[in-house]
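In case you want the letters, here they are:
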Amino acid sequence: CPGAAFRWQQPAWFNEFMCRVWLRARHDVSRRMQRKLVAALRDGAEGMLASVAGEIAVKLDLGHRPPQFHRLRLVGDSPRHVRVEAEVLWVMGGASLELEVASKYVTVPLSVSDITLRGRVLMQTAPHPDPPYLGRCSLCFLRPPDMDFVLRPMRAFDVMEVPLLH
(Lines give C-alpha, C1' and ligand atoms only; values in the text may rest on other atoms or scores of the structure.)
Protein backbone atom coordinates (compact mmCIF):
# COMPACT_ATOMS: atom_id res chain seq x y z
CA CYS A 1 0.00 0.00 0.00
CA PRO A 2 2.31 2.76 -1.20
CA GLY A 3 1.95 6.18 0.32
CA ALA A 4 0.49 4.95 3.61
CA ALA A 5 1.29 7.22 6.55
CA PHE A 6 3.06 5.33 9.30
CA ARG A 7 1.95 7.26 12.37
CA TRP A 8 1.85 5.91 15.89
CA GLN A 9 -1.40 4.08 16.61
CA GLN A 10 -3.12 2.80 19.73
CA PRO A 11 -3.06 -1.00 19.40
CA ALA A 12 -6.05 -2.22 21.48
CA TRP A 13 -6.83 -4.78 18.76
CA PHE A 14 -3.20 -6.03 18.80
CA ASN A 15 -3.20 -6.43 22.59
CA GLU A 16 -6.38 -8.54 22.34
CA PHE A 17 -4.70 -10.60 19.62
CA MET A 18 -1.64 -11.11 21.87
CA CYS A 19 -3.84 -12.24 24.79
CA ARG A 20 -5.41 -14.93 22.63
CA VAL A 21 -2.11 -16.10 21.15
CA TRP A 22 -0.35 -16.02 24.54
CA LEU A 23 -2.74 -18.64 25.91
CA ARG A 24 -1.29 -21.13 23.41
CA ALA A 25 2.26 -19.80 23.02
CA ARG A 26 3.28 -19.13 26.64
CA HIS A 27 4.80 -22.53 27.45
CA ASP A 28 6.64 -22.86 24.13
CA VAL A 29 8.03 -19.32 24.36
CA SER A 30 9.09 -19.98 27.98
CA ARG A 31 10.97 -23.14 26.92
CA ARG A 32 12.70 -21.36 24.05
CA MET A 33 13.69 -18.40 26.21
CA GLN A 34 14.94 -20.77 28.93
CA ARG A 35 17.29 -22.47 26.44
CA LYS A 36 18.61 -19.09 25.25
CA LEU A 37 19.02 -17.86 28.83
CA VAL A 38 20.96 -20.96 29.87
CA ALA A 39 23.29 -20.57 26.88
CA ALA A 40 23.82 -16.85 27.58
CA LEU A 41 24.51 -17.43 31.28
CA ARG A 42 26.94 -20.25 30.56
CA ASP A 43 28.77 -18.17 27.95
CA GLY A 44 28.93 -15.20 30.32
CA ALA A 45 30.15 -17.24 33.29
CA GLU A 46 32.35 -19.64 31.35
CA GLY A 47 35.71 -18.47 32.71
CA MET A 48 34.51 -18.00 36.26
CA LEU A 49 32.72 -21.35 36.55
CA ALA A 50 35.42 -23.32 34.78
CA SER A 51 37.89 -22.40 37.50
CA VAL A 52 35.60 -23.83 40.19
CA ALA A 53 33.91 -26.65 38.19
CA GLY A 54 30.51 -24.93 38.23
CA GLU A 55 27.09 -25.49 36.70
CA ILE A 56 24.06 -23.28 36.08
CA ALA A 57 20.48 -24.59 36.16
CA VAL A 58 17.51 -22.46 35.05
CA LYS A 59 13.75 -22.87 35.30
CA LEU A 60 11.69 -20.18 33.53
CA ASP A 61 7.96 -19.52 33.17
CA LEU A 62 7.06 -16.23 31.48
CA GLY A 63 3.71 -16.03 33.27
CA HIS A 64 0.10 -15.69 32.21
CA ARG A 65 0.21 -12.03 31.09
CA PRO A 66 1.40 -11.25 27.56
CA PRO A 67 3.33 -8.08 26.74
CA GLN A 68 1.10 -5.01 26.38
CA PHE A 69 1.78 -2.68 23.47
CA HIS A 70 1.08 0.99 24.16
CA ARG A 71 1.56 2.23 20.64
CA LEU A 72 2.90 0.87 17.39
CA ARG A 73 3.65 1.87 13.83
CA LEU A 74 4.83 0.36 10.58
CA VAL A 75 8.45 1.12 9.75
CA GLY A 76 9.84 1.28 6.21
CA ASP A 77 8.06 0.61 2.94
CA SER A 78 9.87 -2.44 1.55
CA PRO A 79 7.51 -5.02 0.04
CA ARG A 80 9.97 -7.73 1.14
CA HIS A 81 9.58 -7.11 4.89
CA VAL A 82 6.92 -6.08 7.36
CA ARG A 83 8.45 -4.18 10.26
CA VAL A 84 6.51 -2.86 13.22
CA GLU A 85 8.05 -0.70 15.93
CA ALA A 86 6.22 -0.74 19.25
CA GLU A 87 6.46 0.57 22.77
CA VAL A 88 5.92 -2.33 25.13
CA LEU A 89 5.31 -2.79 28.83
CA TRP A 90 5.48 -6.34 30.09
CA VAL A 91 4.40 -6.86 33.67
CA MET A 92 4.97 -10.61 33.84
CA GLY A 93 2.10 -11.75 36.05
CA GLY A 94 2.82 -15.19 37.45
CA ALA A 95 6.28 -15.30 35.89
CA SER A 96 9.07 -17.10 37.68
CA LEU A 97 12.75 -17.53 37.09
CA GLU A 98 14.75 -19.87 39.29
CA LEU A 99 18.52 -20.04 38.98
CA GLU A 100 20.92 -22.35 40.69
CA VAL A 101 24.60 -21.58 40.38
CA ALA A 102 26.69 -24.46 41.69
CA SER A 103 30.39 -24.89 42.15
CA LYS A 104 32.43 -27.53 43.91
CA TYR A 105 32.37 -25.20 46.93
CA VAL A 106 28.79 -23.92 47.22
CA THR A 107 25.39 -23.92 45.52
CA VAL A 108 23.51 -20.62 45.36
CA PRO A 109 19.78 -20.94 44.57
CA LEU A 110 18.11 -17.69 43.46
CA SER A 111 14.57 -16.69 42.57
CA VAL A 112 13.65 -13.75 40.32
CA SER A 113 10.05 -12.51 40.56
CA ASP A 114 7.88 -9.44 39.97
CA ILE A 115 9.56 -8.96 36.59
CA THR A 116 8.69 -5.88 34.52
CA LEU A 117 10.19 -4.90 31.16
CA ARG A 118 9.62 -1.58 29.40
CA GLY A 119 11.13 -0.59 26.08
CA ARG A 120 10.82 -0.23 22.35
CA VAL A 121 10.78 -3.37 20.20
CA LEU A 122 10.98 -4.18 16.52
CA MET A 123 8.83 -7.01 15.18
CA GLN A 124 9.71 -8.30 11.72
CA THR A 125 8.37 -10.80 9.26
CA ALA A 126 8.49 -11.36 5.52
CA PRO A 127 5.42 -11.89 3.32
CA HIS A 128 5.30 -15.47 2.05
CA PRO A 129 3.51 -16.69 -1.10
CA ASP A 130 1.86 -19.66 0.67
CA PRO A 131 -0.54 -19.78 3.62
CA PRO A 132 -0.32 -18.45 6.29
CA TYR A 133 1.38 -15.79 4.08
CA LEU A 134 3.93 -14.80 6.70
CA GLY A 135 7.44 -16.17 7.05
CA ARG A 136 9.44 -16.42 10.25
CA CYS A 137 8.81 -13.68 12.74
CA SER A 138 11.36 -12.06 15.01
CA LEU A 139 11.13 -9.70 17.93
CA CYS A 140 13.99 -7.70 19.47
CA PHE A 141 14.47 -4.72 21.72
CA LEU A 142 15.91 -1.73 19.88
CA ARG A 143 17.83 -0.74 23.02
CA PRO A 144 18.28 -2.60 26.30
CA PRO A 145 14.91 -2.41 28.08
CA ASP A 146 14.26 -0.87 31.46
CA MET A 147 13.91 -3.81 33.81
CA ASP A 148 12.64 -4.15 37.34
CA PHE A 149 12.57 -7.34 39.39
CA VAL A 150 12.94 -8.81 42.85
CA LEU A 151 15.91 -11.14 43.45
CA ARG A 152 15.75 -13.48 46.44
CA PRO A 153 17.71 -16.48 47.63
CA MET A 154 15.43 -19.54 47.44
CA ARG A 155 16.77 -20.87 50.71
CA ALA A 156 19.22 -19.57 53.22
CA PHE A 157 22.88 -20.24 52.66
CA ASP A 158 25.87 -19.08 54.63
CA VAL A 159 28.13 -16.86 52.57
CA MET A 160 30.98 -17.77 54.89
CA GLU A 161 30.83 -21.33 53.53
CA VAL A 162 32.34 -20.04 50.30
CA PRO A 163 36.08 -20.82 50.60
CA LEU A 164 37.09 -18.08 48.16
CA LEU A 165 35.75 -15.40 50.53
CA HIS A 166 37.87 -16.32 53.57
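(A) Molecular detail of the overall build of the protein. Of the regular secondary structure elements, the protein holds one helix and seven strands. Ordered by position from N to C terminus, the α and β elements of the protein give α-β-β-β-β-β-β-β. The burial tally for the protein puts 29% of its 166 residues in the buried class. The contacts in the protein between residues at least 6 apart in sequence include a share of 69% that link residues at least 24 apart.

(B) Region of interest: the pattern of salt bridges. All chains considered together, the criterion is met by eight salt bridges. Taking the shortest distance from any N to any O, the salt bridge between Arg120 and Glu87 comes out at 2.6 Å. Of this pair, Arg120 sits in strand 5 (residues 107-125) while Glu87 is found in strand 3 (residues 82-91), placing the two residues 33 residues apart along the sequence. According to the relative accessible area criterion, Arg120 is partly exposed, its value standing at 23%. Since its relative accessible area comes to 22%, Glu87 is described here as partly exposed.

(C) Quick look at the pairing of strand 1 (residues 55-61). Alternating positions in strand 1 separate cleanly, Ile56, Val58 and Leu60 being buried on one face and Glu55, Ala57, Lys59 and Asp61 remaining unburied on the opposite face. Bridge analysis of strand 1 against strand 4 (residues 96-102) gives seven bridges, and the strand direction is antiparallel. Considered in strand 4, the bridge of Leu60 is made with Leu97.

(D) Broad picture of the pairing of strand 3. Two strands pair when backbone bridges link them, and strand 2 (residues 68-74) and strand 3 are joined in this way by six bridges, in the antiparallel orientation. Counterpart to Leu72 in the pairing with strand 3 is Ala86. Relative to strand 5, strand 3 runs antiparallel, the two sharing ten bridges. When the sheet's bridge partners are listed, Trp90 is paired in strand 5 with Leu117.

(E) Structural view of the packing of aromatic side chains. In this structure the tally under the stated criterion is four aromatic pairs. An angle of 80 degrees between the planes, with centres 5.0 Å apart, marks the rings of Phe14 and Phe69 as edge-to-face. In this pair, Phe14 sits in helix 1 (residues 12-50) while Phe69 sits in strand 2, placing the two residues 55 residues apart along the sequence. Under the relative-accessibility criterion, Phe14 is labelled buried at 12%. Relative accessible area serves as the criterion here: at 5%, Phe69 is assigned to the buried category. Ring pairs connect the aromatic residues Trp13, Phe14, Phe17 and Phe69, which therefore count as one cluster. The ring of Trp8 has Arg71 sitting right over it, with the charged end atom 4.1 Å from the ring centre.

(F) Layout of a nonpolar patch on the surface. A grouping of Phe6, Leu74 and Val82 is seen on the molecular surface, where their side chains present a nonpolar patch of about 210 Å² in accessible area. Note on placement: Leu74 falls in strand 2. By relative accessible area, which is 40% here, Leu74 ends up partly exposed.

Quick notes on the rules
- Residues numbered from 1 in each chain as written.
- Predicted model: local features only at pLDDT ≥ 70, side-chain atom pairs only at ≥ 80, totals over all residues.
- Heavy atoms only, no water.
- Helix = DSSP H or I, 4+ residues; strand = E, 2+ residues; numbered from the N terminus.
- Buried < 20%, exposed > 50% of the residue type's maximum accessible area, 1.4 Å probe, protein only.
- Contact = heavy atoms within 4.5 Å.
- Salt bridge = Lys/Arg side-chain N within 4 Å of Asp/Glu carboxyl O.
- Pairing = 2+ DSSP bridges.
- Phe/Tyr/Trp six-rings, centres within 6.5 Å; stacked < 30°, edge-to-face > 60°.
- Lys NZ or Arg CZ within 6 Å of the ring centre and 35° of its normal.
- Patch = residues over 30% accessible without salt bridge, like charges linked within 9 Å, V, L, I, M, F, W, Y side chains within 5 Å.
- Areas by Shrake-Rupley, 256 points an atom, 1.4 Å probe, with all protein chains shown as cover.

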